[in-house]
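Topology and contacts: notes
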Amino acid sequence: MYVRDAIGRVTSTIVCGSDLHLYHNEFAGLEKNDILGHECMGIIESVGSEVKNVKVGDRVVVSAVISCGYDGCRAEYVRVPFADVNTLKIKSDVKDEQVLFLSDILCTGWQATVLGGVQEGTTVAVWGCGPVGWMSVMWSRYPGAKKIVAIDCCEERLEKARLQGAEAINFSKTDILKTLQQMIPGGPDICIDAAGFRFAKG
Ligand SMILES: [Zn+2]
């Protein structure tokens, strides 16, 4: 282990759309017996001699945007490179599932809205209402988007988006572009693709 790394015992990890892209050969590089996973949290079990910000016993969420270069985090233990900057300490009074999304999904949705320029008064359409799309809806509401339209074919997901203040288009039941033009004449200011590859419809 490098002096700035830490070893953590994984308490929770999740499946990401990126795993499916690897599984379906849409991202190169997956080899037989590779362990997938890049979003996790857990308890620090040991730290390198130069790690200052976390100590043994700390509960942390691990950033998804790093890699040890070997395997993923769907394992009992992970090595966290540069642990001082790639871990976020978490208090003991919140459950794993309340903070696990800080590893990737919540931040990815936030980044989509920042890069897209969502601000007060803008109109936004979000393609795909999986976790990242749902977070994009949530983060669009945060600065005060005037109208947010969520697009998916899964009613359960659309319902979650409605709960976050979005209007919904079920693309299996209606024409996306026509309906979107009726909802937002002239089209939305910002479009967020939270489906990726060939999956976004319309
Ligand atoms: Zn991910």
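On a predicted model such as this, the values are computed, not experimentally measured, just so you know. (Residues numbered from 1 in each chain as written. Predicted model: local features only at pLDDT ≥ 70, side-chain atom pairs only at ≥ 80, totals over all residues. Heavy atoms only, no water.)

Things to note about the overall build of the chain
Rules: Each helix is a run of H or I in the DSSP string that is no shorter than four residues. Each strand is a run of E no shorter than two, and both are numbered from the N terminus. Exposed residues in this analysis have more than 50% of their type's maximum accessible area, buried residues have under 20%, and partly exposed residues fall in between, with area computed by a 1.4 Å probe over protein chains only. What makes two residues a contact is simply this: any of their non-hydrogen atoms within 4.5 Å. Where accessible areas are quoted, they stem from the Shrake-Rupley method and a 1.4 Å probe; at the residue level, only the protein chains shown are allowed to cover. In summary, the charge assignment counts Lys and Arg as positive and Asp and Glu as negative, without counting His or the chain termini. By convention, charge coordinates are those of NZ in Lys, CZ in Arg, CG in Asp, or CD in Glu.
On a plain count of helices and strands, the chain comes out with 7 helices and 9 strands. Projected onto its principal axes, the C-alpha positions of the chain cover 60 × 40 × 25 Å. Here the chain, with 202 residues, has 41% of them falling under the buried criterion. Considering only contacts within the chain whose residues lie at least 6 apart along the sequence, 68% involve residues at least 24 apart. For the chain, the computed accessible surface area is about 11500 Å², with 54% contributed by carbon and sulfur atoms. Side-chain charges in the chain split into 21 positive and 25 negative, and the spacing between the mean points of these groups amounts to 3 Å.

Brief notes about the UniProt feature "domain: Alcohol dehydrogenase-like N-terminal" (unreviewed entry) in the chain
The criterion, for reference: UniProt positions are given in the numbering used here, feature names are shortened, and annotations may be inferred rather than shown by experiment.
The feature "domain: Alcohol dehydrogenase-like N-terminal" (unreviewed entry), as annotated in UniProt, sits at residues 9–84 in this numbering. The annotated region residues 9–84 carries 12% helix and 28% strand content, and the separation between its end C-alpha atoms amounts to 16 Å.

Details of helix H4 (residues 105–116)
Since one α-helical turn is 3.6 residues long, residues separated by three or four positions face the same way. Stated precisely, the cut-off is as follows: Expected span of a helix, by definition, is 1.5 Å for each gap between consecutive residues, and there is one gap fewer than residues. Taken from the helix axis, the directions to the C-beta atoms give the arc we talk about.
End to end, H4 covers 17 Å across 12 residues, agreeing with the expected 16 Å (1.5 Å per residue, within 8%). For H4, the complete set of buried residues consists of Ile-105, Gly-109 and Thr-113. Projection of H4 onto a plane perpendicular to its axis shows the buried side chains occupying an angular sector of 75°, all on one side. Residues of H4 that are buried make contact with helix H5 (131–141) and strand S9 (190–193).

Focus on the packing of H5 against helix H6 (residues 155–163)
The cut-off we apply is this: Inter-axis angles, ranging from 0 to 180 degrees, are taken between N-to-C directions of lines fitted to C-alpha atoms, where helices are fitted over the stretch in contact. Angle categories are assigned with fixed cut-offs, so that under 35 degrees is roughly parallel, over 145 is roughly antiparallel, 65 to 115 is roughly perpendicular, and the rest are oblique. Crossing handedness is defined as follows: a turn of the near helix away from the far one that is anticlockwise and smaller than a right angle gives a left-handed crossing, while the clockwise case is right-handed. For this scheme, ten residues count as nonpolar: Ala, Val, Leu, Ile, Met, Phe, Trp, Tyr, Cys and Pro. Four count as charged, namely Asp, Glu, Lys and Arg, and the remainder, Gly too, count as polar.
For the pair H5 and H6, interaxial distance at closest approach is 9 Å and the crossing angle is 15°. In terms of axis orientation, H5 runs roughly parallel to H6. Our pair here, H5 against H6, has a crossing hand that is right-handed. Facing H5, whose interface residues are Pro-131, Trp-134, Val-137 and Arg-141, H6 presents Arg-157, Lys-160, Ala-161 and Leu-163. Taken together, the residues of the contact of H5 with H6 sort by class into 5 nonpolar, no polar and 3 charged.

Brief notes about the sheet that holds strand S1 (residues 6–13)
Note the cut-off: Any two strands with at least two DSSP bridges between them are considered paired.
Ordered in space as S4-S1-S2-S3-S5, the 5 strands form an open sheet in which the pairing is antiparallel. Two strands in the sheet have a free side with no partner beyond their single neighbour: strand S4 (77–80) and strand S5 (87–89). Neighbour-to-neighbour, the strand axes of the sheet open up by a mean angle of 45°, direction not taken into account. Relative to S5, strand S3 (residues 59–62) runs antiparallel, the two sharing 3 bridges. Within the sheet, the bridge partner assigned to Val-61 lies in S5 and is Leu-88.

A look at the packing of H4 against H5
For the pair H4 and H5, the least separation of the axes is 8 Å and the interaxial angle reads 55°. Classified by the angle their axes make, H4 and H5 are oblique. When you trace H4 past H5, the crossing you get is right-handed. Only Pro-131, Val-132, Met-135, Ser-136, Trp-139 and Ser-140 of H5 make contact with H4, whose side of the interface consists of Ile-105, Leu-106, Thr-108, Gly-109, Trp-110, Ala-112 and Thr-113. Considering only residue class, the contact of H4 with H5 consists of 8 nonpolar, 5 polar and no charged.

Let's talk about the packing of aromatic side chains
Rules: Geometry of aromatic contacts follows a simple scheme: Phe, Tyr and Trp rings, the Trp one being its six-membered ring, pair when their centres are within 6.5 Å, and the pair is stacked under 30 degrees between planes, edge-to-face over 60, tilted otherwise.
Enumeration over the complete set of coordinates arrives at 2 aromatic pairs. On the basis of an interplanar angle of 70° and a centroid distance of 5.7 Å, the ring pair of Tyr-2 and Phe-82 is categorised as edge-to-face. Taken together, the residues Tyr-2 in the segment before S1 and Phe-82 in the loop between S4 and helix H2 (83–86) connect sequence positions 80 residues apart. Overall, the relative accessible area of 37% leaves Phe-82 in the partly exposed class. On the numbers, 5.5 Å between centres and 85° between planes, the contact of Trp-139 with Tyr-142 is edge-to-face.

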